Every structure is written in C-alpha cells, then in structure tokens.
Amino acid sequence: DMIASLSGTLKSISKSEIVLEVNSVGYLLNVSSKVISSLGDIGSKLSLFTDLQVKDDKIVMYGFFNQIDQTIFKLLQSVQGVGPKAALAILSALTVEELILAISSGDKAMISRAEGVGSKVAGRIATELLEKVSSLDLINIDQNIDITESSQENLNLENETTLGDTQVVEDTISALVNLGYTRSEVFSIVMKIKKEFTLNQKSKDFTVSNIIPLVLRDLSQEIK
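Residues numbered from 1 in each chain as written. Predicted model: local features only at pLDDT ≥ 70, side-chain atom pairs only at ≥ 80, totals over all residues. Heavy atoms only, no water.

A word on the overall build of the protein chain. In terms of helices and strands, the protein chain carries twelve helices and five strands. Considering the protein chain as a whole, with its 224 residues, one finds that 44% of them fall into the buried category. Long-range pairs, those at least 24 residues apart, make up 56% of the contacts in the protein chain between residues at least 6 apart in sequence. (Helix = DSSP H or I, 4+ residues; strand = E, 2+ residues; numbered from the N terminus. Buried < 20%, exposed > 50% of the residue type's maximum accessible area, 1.4 Å probe, protein only. Contact = heavy atoms within 4.5 Å.)

Now for the pairing of strand β4 (residues 45-54). As paired elements, strand β1 (residues 5-13) and β4 share five bridges and run antiparallel to each other. Looking across to β4, one finds that Ser5 is bridged to Phe49. Bridge count for β4 against strand β5 (residues 59-64) is six bridges, and the pairing is antiparallel. When the sheet's bridge partners are listed, Leu52 is paired in β5 with Met61. (Pairing = 2+ DSSP bridges.)

Turning our attention to the environment of Thr95. Mapping Thr95 onto the fold places it in the loop between α3 (84-93) and α4 (96-105). As for Thr95 and Asp69, which are separated by 26 residues in sequence, their C-alpha atoms are 8.8 Å apart.

Moving on: the packing of aromatic side chains. Counting across every chain of the model gives three aromatic pairs. Centre to centre, the rings of Tyr62 and Phe73 are 5.0 Å apart; their planes meet at 45°, and the pair counts as tilted. Here Phe73 lies in helix α2 (residues 67-76) and Tyr62 lies in strand β5, a separation of eleven residues in the sequence. Take Tyr62: its relative accessible area is 9%, and that puts it in the buried class. Ring geometry for Phe64 and Phe73: centres 4.8 Å apart, planes at 50°, overall tilted. The same class applies to Phe64 as to Phe73, namely buried. (Phe/Tyr/Trp six-rings, centres within 6.5 Å; stacked < 30°, edge-to-face > 60°.)

Note that β1 and strand β2 (residues 17-22) share four bridges and pair antiparallel. Paired with Thr9 across the bridge in β2 is Glu21. The hairpin turn running from β1 into β2, its antiparallel successor, is three residues long.

For the rest of this paragraph, the subject is the confidence of the model for the protein chain. A residue-level look at the protein chain finds 84% of positions with pLDDT of 70 or above and a mean pLDDT of 82. Every residue in residues 138-162 scores below 50 in pLDDT, and together they form 38 contacts with partners more than four places removed in sequence or on other chains. (pLDDT = per-residue confidence, 0-100.)

Moving on, we get to the nonpolar core. Leu76, Ile111 and Ile125 are the most contacted members of the largest nonpolar core, which has 32 residues in total. Of all elements in the fold, only β5, α2, α3, α4, α5 (108-111) and α6 (119-128) reach the threshold of two or more residues within this core. For this core, the leading source of residues is α3, giving six residues. Not counting residues within four places of it along the chain, the set of residues in contact with Ile125 comprises Leu76, Val79, Val82, Ile90, Ile103, Ile111 and Leu130. Counting 17 residues, the second-largest nonpolar core is a separate cluster that includes Leu101, Val186, Phe187 and Ile193. (Core = buried A, V, L, I, M, F, W, Y, C linked by side-chain atoms within 4.5 Å.)

Time to look at unusual backbone geometry. Despite not being glycine, Asn23 has its phi angle at roughly 50°, a positive value. In this structure, Asn23 sits in the loop between β2 and β3 (25-30). A residue is classified by how much of its surface remains accessible, and Asn23, at 74% relative accessible area, is exposed.

What follows covers the side chain of Thr9. Topologically, Thr9 is positioned in strand β1. One polar contact links Thr9 to Lys45, side chain to side chain, over a distance of 3.0 Å. Sequence-distant contacts of Thr9, that is, excluding residues within four places in its chain, are made with Val19, Leu20, Glu21, Gly43, Ser44 and Lys45. (Polar contact = N/O pair within 3.5 Å; in protein donor to acceptor, adjacent residues only side chain to side chain.)

The next point concerns the packing of α2 against α4. Closest axis-to-axis distance for the α2/α4 pair is 11 Å, and the angle between their directions is 40°. As the angle between them shows, α2 and α4 are arranged oblique. Handedness of the crossing formed by α2 with α4: left-handed. Touching Ile68, Asp69, Ile72 and Leu76 of α2 are Val96, Leu99 and Ile100, all from α4. For the contact of α2 with α4, the class distribution of residues is six nonpolar, no polar and one charged. (Axes fitted to C-alpha atoms, helices over the stretch in contact; angles between N-to-C directions. Parallel < 35°, antiparallel > 145°, perpendicular 65-115°, else oblique. Left-handed = near helix turned anticlockwise from the far one by under 90°. Nonpolar A, V, L, I, M, F, W, Y, C, P; charged D, E, K, R; others polar.)

The structure is reproduced here in structure tokens:
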C-alpha cells in the first residue's frame, strides 16, 4: 500500500468513520465499531494502520488499531463474496481472537453474526481461511495464544492422532452443541483437554463419556 499507517490528531467521529488530521491534511478513515468505541476524545493523538483501496470512482481508506486487524481485513477479502464492507462488519462483530476461534472450529453461526454476512459466505470464510489463520504470526495479539495452538492442532488432527481421537472430538462437540453450547465455546476446551490427556499419556482414556464431564466443568467455570 502507498499509505500503510497514519499518526495524527483525531478531528471527528461518526458512526463508522473518523477524520484523522496529519500535517494539516484531514484523512477520512472507515473503521470498525470496535475502533469507534475505543477512541479517545476529539483532539487526542491517534496512530492507525491503514488500507487504501482505489475503486473505479473513489479512493477509500480503512483504519485499524493494530497490524493483525489490518492483515485479517485483507485476508477476509480473499474469500469470494467478501468485500471491504463485509470484512469491516466482521471485525465489528468479533474480535480477531473470536474470529480465529470461529474459523478454527468451523463455527459458521458465529461468523454470520456480522451484519450482511450470510451462512453461505460464513461457511466459505471458515473453510478457505482455516489454513491461512493457523499460519499467521499472532504474537502481536498478546492474548489467548492458546487459540492458535488449538487451530494448529485442529489442522494436524488427522496426522497427529488416531482417527478414533478425531471422532471423539467431533462426537463430544456434537453432543455439547445439542445441549445449546456453540462450536467455538466447546472446541477450544475439548482441544485443551485432549492436549492434557496426550501429555499425561492417558490417550486411551480419551473417550466421549470421560471428557464430556470435564468440558462441562470448564464451561461452568467460564460462565462464573
């Protein structure tokens, strides 16, 4: 991109746009609702990563607090049917961590929470970006690095574990989804428990009946 970041003074805020003044030039930036809700006061200093898109009849610039949001914004648009508006809607509805978890666990419902993103497009995002999000350098997120481990483990499931283990994971997730939990909620906990069983060399005990109580225990603790 010609302009990759901007640092200046926040001049105005609207529902989905801000004006950032840099050296007496005001740049109009489209931003997610998460950016809007986290802004300081008018007149405060602000630095944003940007994405500049030149369309037939206009130039539009998008702004992000960090590089990982900027990367995900571009990545989302590699999926057919996802333009900048939908990508921004997804970044408004979900944090990057939630989006990566949704993609890792194939949770279409979570992705389609975003305004204007239907089930079909959400399915394409989950399928097409699975490998890409698992290889992202997410160190900059600084939180929930377990999610990347989970998604990586999900990708390597067939290679690292027996087919039986894969079936146990799927059957457990299905059973808990039937109880009303989302795939995303359940997936990360099941993968964490699976890892503990492997580390403690208890893989033979990794059965649906053994792990469902453990997952439910962890889910109830998270709710508290």
